[in-house]
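Structural overview for review
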Protein chains: 2
Amino acid sequence: MIIHTVCFTLVHEPDSAAEAAFLEAARTTLPAIPGVHDFTVSRQVSSQSDFRFQFSMRFADQDAYAAYDAHPAHQGFVGTRWADEVASFQEFDFVPLPA
Amino acid sequence: MIIHTVCFTLVHEPDSAAEAAFLEAARTTLPAIPGVHDFTVSRQVSSQSDFRFQFSMRFADQDAYAAYDAHPAHQGFVGTRWADEVASFQEFDFVPLPA
């Protein structure tokens, strides 16, 4: 199991219609891609970071993650929305350790 | 609900006994503090980041998070282990948005 996350800040004004439209496009597009589980949009609220949002999703394994990454719907979202509307971002991927 | 996370890298050699001892000390100490739910230790595996680990925990609300932060067991862990053994870290806190 692997949890893929990306923290990001948009070029749009906070709480603007453009911000909401970006998040809605992500919600419509990304969780529908095969292999994506538990897709979540969160606000990043720590004062220790300037990022405003996070996407998080779970994949069964690295192959499922790679298939998502290569999927035309993901590549399309990256090319048409992410590339133009994201000002900065940082990816982290997590594999939980046994307790 | 708020999810508190910290990505970090230790001063210890990867896969060393000292690394394992730090993670075990965290596992023994932090989830026992009142208000901490779903405490998880993960490996950070994205090549886009140099951090090697992440702690993640969930709190019911900001008050529960503040009580954890001020709790002597947390302050003790920070003072006796974290301050000496963590080489670098980045906190992020997340509030999931309604789907």
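Refer to the structure printed above.
First, a word on scope: everything that follows refers to the structure included in this document. All values reported here derive from a predicted model rather than from experimental measurement.

What to know about the interface of chain A and chain B
Chain A puts 26 residues into the contact, and the matching count from chain B is 26 residues. On the chain A side of the contact with chain B, Phe92(A), Phe94(A) and Leu97(A) bury the most area, a combined 28% of that side's loss. Taken together, chain A and chain B are joined by 0 salt bridges. Our count for the chain A to chain B interface comes out at 12 residue pairs in polar contact (both at pLDDT 80 or more). Put simply, the parts of the chain that give the side of chain A that touches chain B at least two residues each are strand 1 (2-10), helix 1 (17-29), strand 2 (37-44), strand 3 (53-59) and strand 4 (86-96) of chain A. Broken down by element, the side of chain A that touches chain B gets its largest block of residues, 7 residues, from strand 4 of chain A. When its residues are assigned to classes, the side of chain A that touches chain B shows 14 nonpolar, 8 polar and 4 charged.

A word on the layout of surface pockets
There is about 580 Å³ of room inside the largest pocket. Every residue lining the largest pocket is counted, 27 residues in all, and those nearest its centre are Ile3(A), Ser56(A), Ile3(B), Gln54(B) and Ser56(B). When contributions to the lining of the largest pocket are tallied by element, the ones reaching two or more residues are strand 1, strand 2, strand 3 and strand 4 of chain A together with strand 1 (2-10), strand 2 (37-44), strand 3 (53-59) and strand 4 (86-96) of chain B. Within the lining of the largest pocket, the residues separate by chemical class into 13 nonpolar, 10 polar and 4 charged. The calculated volume of the second largest pocket comes to roughly 350 Å³. Along the walls of the second largest pocket sit 22 residues, with His4(A), Tyr65(A), Asp69(A), His74(A) and Glu91(A) positioned nearest its centre. Counting residues per element, the ones that place at least two in the lining of the second largest pocket are strand 1, strand 3, helix 2 (62-70), helix 3 (72-85) and strand 4 of chain A. If one sorts the elements of the lining of the second largest pocket by residue count, helix 2 of chain A sits on top with 5 residues. Looking at side-chain class alone, the lining of the second largest pocket contains 13 nonpolar, 6 polar and 3 charged residues.

Examining the sheet that holds strand 2 of chain B
Spatial ordering of the closed barrel is given by 1(A)-3(A)-2(A)-4(B)-1(B)-3(B)-2(B)-4(A), a layout of 8 strands whose pairing is antiparallel. Strand-to-strand twist across the sheet, computed as the mean angle between neighbouring axes with direction ignored, equals 35 degrees. In this sheet, strand 4 of chain B lies alongside strand 1 of chain B in antiparallel orientation, the contact comprising 8 bridges. Counterpart to Leu10(B) in the pairing with strand 4 of chain B is Val86(B). This element, helix 3 of chain A, spans strand 1, strand 3 and strand 4 of chain A of the sheet and lies at about 115 degrees to strand 4 of chain A.

Rules and cut-offs
Residues numbered from 1 in each chain as written. Chains lettered and ligands numbered in written order. Predicted model: local features only at pLDDT ≥ 70, side-chain atom pairs only at ≥ 80, totals over all residues. Heavy atoms only, no water. Contact = heavy atoms within 4.5 Å. Buried area = accessible area lost by both parts, 1.4 Å probe. Salt bridge = Lys/Arg side-chain N within 4 Å of Asp/Glu carboxyl O. Polar contact = N/O pair within 3.5 Å; in protein donor to acceptor, adjacent residues only side chain to side chain. Helix = DSSP H or I, 4+ residues; strand = E, 2+ residues; numbered from the N terminus. Nonpolar A, V, L, I, M, F, W, Y, C, P; charged D, E, K, R; others polar. 1 Å grid on protein atoms, 1.4 Å probe; cavity = no way out; pocket = protein on both sides within 12 Å on 5 of 7 lines; lining within 4 Å. Points joined across faces, edges and corners; volume = space filled by probe spheres on them. Pairing = 2+ DSSP bridges. Axes fitted to C-alpha atoms, helices over the stretch in contact; angles between N-to-C directions.

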